[in-house]
Amino acid sequence: EPEVTQTPSHQVTQMGQEVILRCVPISNHLYFYWYRQILGQKVEFLVSFYNNEISEKSEIFDDQFSVERPDGSNFTLKIRSTKLEDSAMYFCASSPGTSSNQPQHFGDGTRLSIL
Amino acid sequence: GQQVMQIPQYQHVQEGEDFTTYCNSSTTLSNIQWYKQRPGGHPVFLIQLVKSGEVKKQKRLTFQFGEAKKNSSLHITATQTTDVGTYFCAGPSAERRGSQGNLIFGKGTKLSVKP
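Residues numbered from 1 in each chain as written. Chains lettered and ligands numbered in written order. Predicted model: local features only at pLDDT ≥ 70, side-chain atom pairs only at ≥ 80, totals over all residues. Heavy atoms only, no water.

A. Local environment of the packing of aromatic side chains. Taken as a whole and judged by the stated rule, the model has 17 aromatic pairs over all chains. With a centroid separation of 6.4 Å and an interplanar angle of 55°, the aromatic rings of tryptophan 34 of chain B and phenylalanine 63 of chain B are classed as tilted. Here tryptophan 34 of chain B is found in strand β4 (residues 32-37), whereas its partner phenylalanine 63 of chain B is found in strand β7 (residues 61-65), with 29 residues between them in sequence. There is no split in this pair, since tryptophan 34 of chain B and phenylalanine 63 of chain B are both buried. Among the aromatic residues, those joined into a cluster by ring pairs are Tyr33, Tyr35, Phe45, Phe91 and Phe106 of chain A together with Tyr35, Phe45, Phe88 and Phe105 of chain B. (Phe/Tyr/Trp six-rings, centres within 6.5 Å; stacked < 30°, edge-to-face > 60°. Helix = DSSP H or I, 4+ residues; strand = E, 2+ residues; numbered from the N terminus. Buried < 20%, exposed > 50% of the residue type's maximum accessible area, 1.4 Å probe, protein only.)

See below:
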């Protein structure tokens, strides 16, 4: 069964440094998402991406964050200047459809630790 | 803003006992989705409910969507140790018309099963 893949599985970074988290969504999916989950807490929406542009973003997704689809397969999340509170598990997800009535397939996540 | 609430936050059961988690949304939902996250894992889609009053079953799991499409429940009959994990309900954001499907997750119910 096709999977969403994310790299790296764990990223340790000094505060203030830039990080790029990578995702390869399922190949025939059209919608891509980033979520984050602070340890022990709920999954929080960051941003959705469709047709090579951001569809929606949450309050969490401020100017420090950006997303890109640099080629036909990768979908990246960049955090420009990391803060301690950015430490979390970041999940990429994709869905096939053109409406909200579609299940989302999550990757295994990248655990981001900011020191 | 839109909220999705889940109770209980934790549930400890003896293997063989039943388990139920309840989900309530502050807004009417077009659909509700349920995800399971094993410890250290990523959310895995279980099911989607769309119709008012809908009931769906997956083996020992029974999912219900309320008549007003604002609440839902997941019931597991005769729990097994493989049921351990956190169960999240999630609904599409109602913040923007034509939302591209970003999900608002509940805080989840963490189920532990004692053998």
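B. Highlighting the sheet that holds strand β1 (residues 5-7) of chain A. All names here are of chain A. Read across the open sheet, the four strands follow the order β1-β3-β8-β7; overall the sheet is antiparallel. Either end of the sheet is taken by a strand with one partner, and the two such strands are β1 and β7 (65-68). Geometrically, the sheet is characterised by an average inter-axis angle of 20° between neighbouring strands, direction not taken into account. The sheet contact formed by β1 and strand β3 (residues 19-24) spans three bridges and is antiparallel. Bridge assignment links threonine 5 to a residue of β3, and that residue is valine 24. (Pairing = 2+ DSSP bridges. Axes fitted to C-alpha atoms, helices over the stretch in contact; angles between N-to-C directions.)

C. How the structure looks around the pairing of strand β6 (residues 55-58) of chain B. Residues and elements named next belong to chain B. Judged from the four bridges that link them, β6 and β7 form a sheet pairing that is antiparallel. In the strand pairing of β7, glutamine 58 is matched with leucine 61. The turn linking β6 back onto β7 is made up of two residues, and lysine 59 within it adopts a positive phi angle of 55°.

D. Quick look at the sheet that holds β7 of chain B. Residues and elements named next belong to chain B. Spatially, the five strands line up as an open sheet ordered β1-β3-β8-β7-β6, and their pairing is antiparallel. Only two strands of the sheet have a single neighbouring strand rather than two, namely β1 (4-7) and β6. The mean inter-strand angle of the sheet, taken between neighbouring strand axes irrespective of direction, is 15°. Pairing between strand β3 (residues 19-25) and strand β8 (residues 71-76): six bridges, direction antiparallel. The partner of phenylalanine 19 across the bridge, within β8, is isoleucine 76.

E. Just the state of the cysteines, in detail. All names here are of chain A. Counted under the stated rule, the structure contains two disulfides over all chains. Bridging cysteine 23 to cysteine 92, the disulfide has an S-S length of 1.9 Å. Given an S-S torsion of about -65°, the disulfide between cysteine 23 and cysteine 92 has left-handed geometry. Highlighted residues: cysteine 23 in strand β3 and cysteine 92 in strand β9 (residues 88-95), separated in sequence by 69 residues. As far as the burial class goes, cysteine 23 and cysteine 92 line up, both buried. (Disulfide = S-S within 2.5 Å.)

F. Structural context of the interface of chain A and chain B. Taken together, the contact between chain A and chain B spans 20 residues of the former and 22 residues of the latter. For the pair chain A and chain B, the summed buried area comes to about 1900 Å², and 51% of that belongs to carbon and sulfur atoms. Joining chain A to chain B, the criterion identifies zero salt bridges. Of all the secondary structure elements, the ones that give two or more residues to the side of chain A that touches chain B are β4 (31-37), β5 (43-50) and β6 (53-57) of chain A. With four residues, the top contributor of residues to the side of chain A that touches chain B is β4 of chain A. (Contact = heavy atoms within 4.5 Å. Buried area = accessible area lost by both parts, 1.4 Å probe. Salt bridge = Lys/Arg side-chain N within 4 Å of Asp/Glu carboxyl O.)

G. Main features of unusual backbone geometry. In the segment running from threonine 7 of chain A into proline 8 of chain A, the intervening peptide bond is cis, with an omega of -10°. Relative to the assigned elements, proline 8 of chain A resides in the loop between β1 and β2 (10-13). With omega at -5°, the peptide bond leading from isoleucine 7 of chain B into proline 8 of chain B counts as cis. You can see proline 8 of chain B is positioned in the loop between β1 and β2 (10-14). Positive phi values are uncommon outside glycine, yet lysine 59 of chain B reaches one of about 55°. Its place among the elements puts lysine 59 of chain B in the loop between β6 and β7. Lysine 59 of chain B sits in the exposed class, given a relative accessible area of 87%. The phi angle at alanine 78 of chain B is positive, at roughly 50°, despite the residue not being glycine. Here alanine 78 of chain B shows up in the loop between β8 and β9 (85-92).

Nothing here speaks to function; it is geometry throughout.
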